[in-house]
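Architecture and fold: a report
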Amino acid sequence: MGAAWATGCPTITVSEGGSYYRKERFDGTFRRTLTLPEDVDPDKVDASYKDGVLHITVQRREVVKPRQIKIK
Amino acid sequence: MTERKEIEQQEPKAVQQTQQGEHIMWPQVDICEDATDITLQADMPGVPKDRLDIQVDKDTLSIAGEACLDTPDDMEALHVDISVTRYQRSFSLGGELDTTKIEAGLKDGLLTLHIPKREEHKPRKIEVRTG
């Protein structure tokens with residue numbers, strides 16, 4: 001059994017005691033912190049959650065966005 | 001504006017290379033057994049239902065999926081933890097399992113399969129007749 005798990009292709013069988021069990025997935029709480037650039041706008045943060053993936057969009061402050069100056 | 005960092009990449013142990021040279025990820029799984037079923041749960045975040053592929057061929061169960069990570073076209077990654085978007089893993093199923101009655105569900109990136117045991121491997125209660 002150990003060798004099969006090492007190759008990632010385990011054999012799933014019914015055990016006599018009815019207690020076949022394998023745990024690889026993480027459970028519990030988690031936390032991750034990221035440092036953002038100074039020019040982000042903390043009031044303009046959007047978050048969405050889809051298919052187990054969290055998307056966070058953080059906007060930068062208007063003043064530091066590149067602007068094109070039109071020549072009159 | 002600070003200097004743009006090189007793209008950092010960490011390849012978790014679950015990333016494998018197939019014989020065809022394609023990089024895939026093994027989804028991490030929990031497997032447990034009760035009186036009537038084996039339940040397999042696999043972490044496949046980012047995979048929508050229409051990109052999931054579950055197949056049984058004789059005694060081999062294969063699960064595969066493609067994670068759809070919607071990065072806007074005009075954006076470039078500064079940091080990437082996982083660059084592989086293809087999940088793939090196979091399992092051998094014991095003959096005590098009924099592969100024709102597998103049920104699958106997908107919610108929040110978690111795939112759940114219920115694989116029933118064949119009738120003769122389920123516990124039976126024997127009724128006692130009173131005379």
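Below or above, wherever it landed, is the structure these notes cover.

Parameters at a glance
- Residues numbered from 1 in each chain as written.
- Chains lettered and ligands numbered in written order.
- Predicted model: local features only at pLDDT ≥ 70, side-chain atom pairs only at ≥ 80, totals over all residues.
- Heavy atoms only, no water.
- Helix = DSSP H or I, 4+ residues; strand = E, 2+ residues; numbered from the N terminus.
- Buried < 20%, exposed > 50% of the residue type's maximum accessible area, 1.4 Å probe, protein only.
- Contact = heavy atoms within 4.5 Å.
- Areas by Shrake-Rupley, 256 points an atom, 1.4 Å probe, with all protein chains shown as cover.
- Buried area = accessible area lost by both parts, 1.4 Å probe.
- Polar contact = N/O pair within 3.5 Å; in protein donor to acceptor, adjacent residues only side chain to side chain.
- Nonpolar A, V, L, I, M, F, W, Y, C, P; charged D, E, K, R; others polar.
- Pairing = 2+ DSSP bridges.
- Core = buried A, V, L, I, M, F, W, Y, C linked by side-chain atoms within 4.5 Å.
- Salt bridge = Lys/Arg side-chain N within 4 Å of Asp/Glu carboxyl O.

**So, the overall build of chain B**
Each helix and strand counted, chain B has 0 helices and 11 strands in total. In chain B, the succession of helices and strands from N to C terminus is β-β-β-β-β-β-β-β-β-β-β. Counting all 131 residues of chain B, 34% fall into the buried class. Residue pairs in contact within chain B that sit at least 24 positions apart in sequence constitute 54% of those at least 6 positions apart. A total of about 8,900 Å² of accessible surface is found on chain B, and carbon and sulfur atoms cover 46% of it.

**Quick notes on the interface of chain A and chain B**
Chain A puts 27 residues into the contact, and the matching count from chain B is 34 residues. Taking both partners together, chain A and chain B bury about 2,500 Å²; carbon and sulfur atoms supply 52% of that area. For chain A, the biggest contributors to the area lost against chain B are Ile-12, Val-14 and Arg-25 of chain A; these three give 30% of the whole. Where chain A meets chain B, there are 11 residue pairs in polar contact (both at pLDDT 80 or more). Every element with two or more residues in the side of chain A that touches chain B is listed here: α1 (2-6), β1 (11-12), β2 (21-23), β3 (40-50) and β4 (53-60) of chain A. Classifying every residue of the side of chain A that touches chain B gives 10 nonpolar, 9 polar and 8 charged. The pairing of β2 of chain A with strand β4 (residues 29-33) of chain B spans 3 bridges and is classified as antiparallel. Along β4 of chain B, the bridge assignment pairs Lys-23 of chain A with Asp-30 of chain B.

**With respect to the nonpolar core**
Counting residues in hydrophobic clusters, the biggest one holds 23 residues, and the most contacted among them are Ile-12 of chain A together with Leu-40 and Phe-91 of chain B. Elements that contribute at least two residues to this core include exactly β4, β5 (37-43), β7 (60-66), β9 (86-93) and β11 (110-116) of chain B.

**Things to note about the pattern of salt bridges**
Overall, the coordinates contain 12 salt bridges over all chains when judged by the stated rule. Between Lys-23 of chain A and Asp-30 of chain B there is a salt bridge whose closest N-O contact spans 2.9 Å. Within this pair, whereas Lys-23 of chain A is found in strand β2, its partner Asp-30 of chain B is found in strand β4, the two belonging to separate chains. Since its relative accessible area comes to 37%, Lys-23 of chain A is described here as partly exposed. Assessed through its relative accessible area of 11%, Asp-30 of chain B is described here as buried. A salt bridge links Glu-66 of chain B to Arg-86 of chain B, with the nearest nitrogen and oxygen atoms 3.7 Å apart. Of the two residues, Glu-66 of chain B is situated in strand β7 and Arg-86 of chain B in strand β9; the sequence distance between them amounts to 20 residues. Judged by its relative accessible area of 23%, Arg-86 of chain B is partly exposed.

**Observations regarding the environment of Arg-60 of chain A**
Residue and element names in this part refer to chain A. Position of Arg-60 among the secondary structure elements: in strand β4. When the C-alpha atoms of Arg-60 and Asp-39 are compared, they prove to be 5.6 Å apart, with 21 residues separating the residues in sequence. At 2.9 Å, the side chain of Arg-60 and the side chain of Asp-39 are in polar contact.

Taken by themselves, the reported measurements are silent on function.
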